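Report on the structure
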Amino acid sequence: MKRKNLYALCSCLFLSGCGMIDYHPYDVRINGETEVNAHNIERIEASCQGKTTIRFVTMGDSQRWYDETEDFVKAINQRNDIDFVIHGGDMSDFGLTKEFLWQRDIMNGLHVPYVALIGNHDCLGTGAETYKAVFGSTNFSFIAGNVKFVCLNTNALEYDYSEPVPDFTFMENEITNRREEFEKTVICMHARPYTDVFNDNVAKVFQHYVKQYAGIQFCTAAHTHHYQDDVIFDDGIHYVTSDCMDYRTYLVFTITPEKYEYELVKY
C-alpha cells in the first residue's frame, strides 16, 4: 500500500512539473525565424542594386559576449551609412541550440540586414545542424551592387574529413555563377589559412581558387579574436580579421569604383 502511494505521489509530481521540463540543450528545436541568411540576402541584393559604392561591417566571435553584441547592434543602428553586416561566425560557444537563438534574436535587432557565417564553435555538438536550420547553408554567396561575396565554411578540423571543407567544388562554381552581375569579389570565412582549424594541407590550393575570382578585393575572417591585416601569400591579397566582441570593435569596409578602404571602429 505504501509503495502504491509513493508511485501515485511521484506521478503527481511529474505531471505537475511538466512545465518546468526543458528540452535537451542539443535538441534542435527551433522557435522563431529560420533561413535567416536567405531572407537577408534578398534584402541586401534589393537595397544595393545599382550601387557602385557599398559600405558594410564585419565582426565575429560573439559567443559569451551577449551584452557587447547588444551594444554593437545599438551602435550600428545609430549610423545611417551601413548597407549590411557580416557576422564572421562563432555565435555559440558550445553549439547549444539556445545560443544560436539568443544570438539570432540580438542580431535581428539590426536595422540593416546581416548574414552569419559558421564558426568552429558553431560546429560543436549538434551546432552545425542548428546553424543550418536557423541560418541556412554553410557555404553561400550574394551580390551587393557589383561586388560578389563568397562566404565559406573553413572549419575543417571540426569535420574530420566527413565532408569537403573548404568545398572547392562550391568555390569553383561560384567563379562563374552569375558572372555577368559582378565585377569585384570579396571572400569571407571564419578561419583563414594557417590558423588552427583550417586544413593547411590545402591552403595553397585554396588561394589558387581565391585568385580566380573577378576583381578580387580582399578576404575577411574572424576566429583569432584579434584584429589583423595580413598578406599571407605572395600575391598582395589581404586577409583582414575582426576582433571578438569582447574588444567592442567592428570593421567598416567601403568599396568604391576606384578602391577599397576600411576602418577599425570602437564602440
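Predicted model, so just to flag it, every value in this text is computed and none were measured.

**Notes on the pairing of strand β6 (residues 184-189)**
Counting buried positions along β6 gives six out of six residues, so the element sits mostly inside the fold. In β6, alternate side chains face the same way, and those of Lys-184, Val-186 and Cys-188 on one face and Thr-185, Ile-187 and Met-189 on the other are all buried. Sheet topology note: the strand β5 (residues 147-152)/β6 ladder contains six bridges and is parallel. Residue pairing in the sheet places Phe-149 in a bridge with Val-186 of β6.

**A short note on the pairing of strand β9 (residues 238-241)**
The pairing of strand β7 (residues 216-221) with β9 spans three bridges and is parallel. Residue Ala-221 lies in a different strand from β9, and its bridge partner there is Thr-241. Once strand β8 (residues 228-231) ends, the chain turns through six residues before running back antiparallel as β9, passing Gly-236 with a positive phi of about 80 degrees.

**What about the sheet that holds strand β2 (residues 84-87)?**
Spatially, the five strands line up as an open sheet ordered β3-β2-β1-β10-β11, and their pairing is mixed. Unpaired on one side and paired on the other, β3 (114-116) and β11 (260-266) mark the two borders of the sheet. Across the sheet, the mean angle from the axis of one strand to that of its neighbour is 20 degrees, orientation sign disregarded. By the bridge criterion, seven bridges tie strand β10 (residues 249-255) to β11 in an arrangement that is antiparallel. Paired with Thr-249 across the strands is Lys-266, a residue of β11.

**Some points on the packing of helix α3 (residues 66-77) against helix α4 (residues 97-107)**
Their axes nearest at 9 Å, the elements α3 and α4 cross at an angle of 25 degrees. Between α3 and α4, the interaxial angle falls into the category roughly parallel. As α3 packs across α4, the resulting crossing turns out to be right-handed. Seen from α3, the contacting residues are Tyr-66, Thr-69, Glu-70, Phe-72 and Val-73; seen from α4, they are Glu-99, Trp-102, Gln-103, Ile-106 and Met-107. Taken together, the residues of the contact of α3 with α4 sort by class into six nonpolar, two polar and two charged.

What counts, and where the lines are drawn
- Residues numbered from 1 in each chain as written.
- Predicted model: local features only at pLDDT ≥ 70, side-chain atom pairs only at ≥ 80, totals over all residues.
- Heavy atoms only, no water.
- Buried < 20%, exposed > 50% of the residue type's maximum accessible area, 1.4 Å probe, protein only.
- Helix = DSSP H or I, 4+ residues; strand = E, 2+ residues; numbered from the N terminus.
- Pairing = 2+ DSSP bridges.
- Axes fitted to C-alpha atoms, helices over the stretch in contact; angles between N-to-C directions.
- Parallel < 35°, antiparallel > 145°, perpendicular 65-115°, else oblique.
- Left-handed = near helix turned anticlockwise from the far one by under 90°.
- Contact = heavy atoms within 4.5 Å.
- Nonpolar A, V, L, I, M, F, W, Y, C, P; charged D, E, K, R; others polar.

These figures come from the coordinates and say nothing about function on their own.
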